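Listed below, chain by chain, are the residues.
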Amino acid sequence: MTSTAQKEGRPGQGRPARTWDAVLASVPRSLFLPDLMWAHNLATNTSRPVSRAADPDGWAAAAEADIPIVTQWDDGEHHGEQPGSVPTSSASQPSVVAAMLEHLDVRSGQRVLEVGTGTGWNSALLSYRLGDANVVTVEIDPDVTSRARTTLNEAGYRPTVVCGDGAAGWPPGAPYDRITATCALREVPHAWIRQARPGALILTPWGTHYSNLDALLRLTVHDDGTTASGRFLEPVEFMKLRSQRLTWPEPPGGGGTLAESSTATTPPEHGRHAAFTFLMGLLLDGVTHAVQPHDDGARTLWLYSLTAPAWSATTFRDGEREHQVRQYGARRLWEEFETAYAWWTAADRPDLARFGLTVTPDGQRLWLDDPTRPLPR
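Residues numbered from 1 in each chain as written. Predicted model: local features only at pLDDT ≥ 70, side-chain atom pairs only at ≥ 80, totals over all residues. Heavy atoms only, no water.

- The protein chain is annotated in an unreviewed UniProt entry as Protein-L-isoaspartate O-methyltransferase of Kitasatospora kazusensis.
- Of the protein chain, the UniProt comment under Subcellular location (unreviewed entry) reads exactly: "Cytoplasm".
- The protein chain has a UniProt comment under Sequence similarities (unreviewed entry) that states "Belongs to the methyltransferase superfamily. L-isoaspartyl/D-aspartyl protein methyltransferase family." (UniProt positions renumbered as here; feature names shortened; annotations may be inferred.)

If you want it as structure tokens, here you go:
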């Protein structure tokens, strides 16, 4: 799996029946893992190196554990983790892999396009079920592609392995009955819809630049072959498609006006796996955020505009009804946040499963309950 962010993780609720267990048992993840890898701890959000040569038992235990395994840092610019490194390729958490394969709902004889080959394990699972000739997998990183191709061949699987930008799909293999991504999107490429059969399913992690959080999105391609629509299924967190990674905005320059005020609005806690954090990203267009904890127990919610130079900082202290707000720049971001929060509250605080997305040649549109109810972004 390519692109930046954090691991492939976070179990959700209401998962489908486990019909891939026999396949996962027949195609163990350990066949596709490198001798040196980094076992990721979901609770602490940290990774530790594990060497098969130095610690074979520890390596085997990590390979079999239901955890993500990091296999590349910083797009391969160096070998191994360094201070400030970002994981950029991995082997996903097995329970997440199983859930995604269930949601993909493949049938015998169908053709599948996978975007984000990574170690090649997911490609092997699909090849085991569907046959090599029905699986195409695209990986943007040449070194990751080469290693995956070699590992797949050694394990006895020969899907079509392509080194290229998965956002473009792979037209020579089209049309596809299923398209799945093992990296997270911020915008669904329309090329995928053009390369899919009417009625095809597209399954991908999707999120917004508001946070690193994602959710599984399952789209159905309409009969017209140009539009797809579907709902969010469950929360996950994946590395991002390289061309859609977040670029943090530069701080606004001088000359603007700093506005100071107070607010009585106290939103739910922003957390790494908080559904509210993901949902606010659906409602706030062109905004990212950070939470700054303070030694006295207070926390500041920073909002940054991705469309115009602007920021806001709202500091919350437990037990206080009024909170300090500072806003600067071309957008009043805290006021936009309050408007979005008020809409969510008035809509009876809908959860993830009530939201969906429609993709057309003109772009993508978020909605609540039904495609005829677009979100007020």
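Having seen the model, we can carry on.
Brief notes about the side chain of histidine 40
Point 1. With respect to the helices and strands, the residue histidine 40 is situated in strand E1 (residues 36–41).
Point 2. Histidine 40 gets classed as buried once you look at its relative accessible area, which sits at 5%.
Point 3. A distance of 3.3 Å separates polar atoms of two side chains, one belonging to histidine 40 and the other to asparagine 45.
Point 4. A distance of 2.8 Å separates the side chain of histidine 40 from the side chain of serine 47, its partner in a polar contact. (Helix = DSSP H or I, 4+ residues; strand = E, 2+ residues; numbered from the N terminus. Buried < 20%, exposed > 50% of the residue type's maximum accessible area, 1.4 Å probe, protein only. Polar contact = N/O pair within 3.5 Å; in protein donor to acceptor, adjacent residues only side chain to side chain.)

Quick look at the sheet that holds E1
Point 1. With antiparallel pairing, the four strands of this open sheet are ordered in space as E2-E1-E3-E4. Each edge of the open sheet is held by one strand with a lone partner, namely strand E2 (46–51) and strand E4 (87–91). Strand-to-strand twist across the sheet, computed as the mean angle between neighbouring axes with direction ignored, equals 40°. (Pairing = 2+ DSSP bridges. Axes fitted to C-alpha atoms, helices over the stretch in contact; angles between N-to-C directions.)

Quick look at the pairing of strand E7 (residues 160–163)
Point 1. Here strand E6 (residues 135–139) pairs with E7 via four bridges, running parallel. Its bridge partner being in E7, threonine 137 is matched across the sheet by valine 161.
Point 2. Tracing the backbone out of E6, into helix H5 (residues 142–155) and back to the parallel element E7 gives a crossover that is right-handed. (Right-handed = clockwise from strand over helix to strand, strands pointing away.)

Focus on the environment of arginine 354
Point 1. Locating arginine 354 in the fold gives a position in the loop between helix H8 (333–346) and strand E17 (355–360).
Point 2. The exposure class of arginine 354 is partly exposed, given its relative accessible area of 26%.
Point 3. A sequence separation of 15 residues divides arginine 354 from aspartate 369, and the C-alpha atoms of the two residues are 5.0 Å apart.
Point 4. If near-sequence neighbours (up to four positions away) are discounted, arginine 354 is found in contact with Arg231, Ala347, Trp367, Leu368 and Asp369. (Contact = heavy atoms within 4.5 Å.)

Examining H8
Point 1. For H8, spanning 14 residues, the distance from its first C-alpha to its last is 20 Å, which sits close to the expected 20 Å at 1.5 Å a residue.
Point 2. Along H8, the residues classified as buried are Leu333, Trp334, Phe337, Ala340, Tyr341 and Trp344. One side of H8 carries all its buried residues, which in axial view fall inside an arc of 120°. For H8, exposure combined with an orientation more than 90 degrees from the buried face picks out Thr339 and Ala346.
Point 3. Taken together, the buried residues of H8 touch strand E12 (258–263), helix H7 (275–283), strand E13 (287–293), strand E14 (299–305), strand E15 (310–316) and strand E16 (323–329).
Point 4. Looking one or two residues beyond H8, the residue adopting positive phi is aspartate 348, at roughly 70°. (Expected span 1.5 Å × (residues − 1). Arc of directions from axis to C-beta.)

A few points about the pairing of strand E3 (residues 69–73)
Point 1. Buried residues dominate E3, accounting for four of its five residues.
Point 2. One ladder, built from two bridges, connects E1 with E3; its direction is antiparallel. Of the residues in E3, the one forming a bridge with tryptophan 38 is valine 70.
Point 3. Where E3 meets E4, four bridges bridge the pair, whose relative direction is antiparallel. Residue pairing across strands places valine 70 opposite serine 90, the latter belonging to E4.

A short note on the confidence of the model for the protein chain
Point 1. Summing up the model confidence of the protein chain, the mean pLDDT is 93 and the portion of residues at 70 or higher is 95%.
Point 2. Within the model, pLDDT remains below 50 along residues 1–13, and this stretch shows 82 contacts once partners closer than five positions in the same chain are excluded. (pLDDT = per-residue confidence, 0-100.)

Some remarks on the nonpolar core
Point 1. Core analysis: the biggest nonpolar cluster contains 54 residues, and Val188, Trp206, Phe232, Phe278 and Phe337 have the highest contact counts within it.
Point 2. Filtering out sequence-adjacent residues up to four positions away, phenylalanine 278 remains in contact with Trp206, Gly207, Leu213, Asp214, Ala215, Phe232 and Leu352.
Point 3. Membership of the second largest hydrophobic core comes to 27 residues, among which are Met100, Tyr157, Ala184 and Leu203. (Core = buried A, V, L, I, M, F, W, Y, C linked by side-chain atoms within 4.5 Å.)

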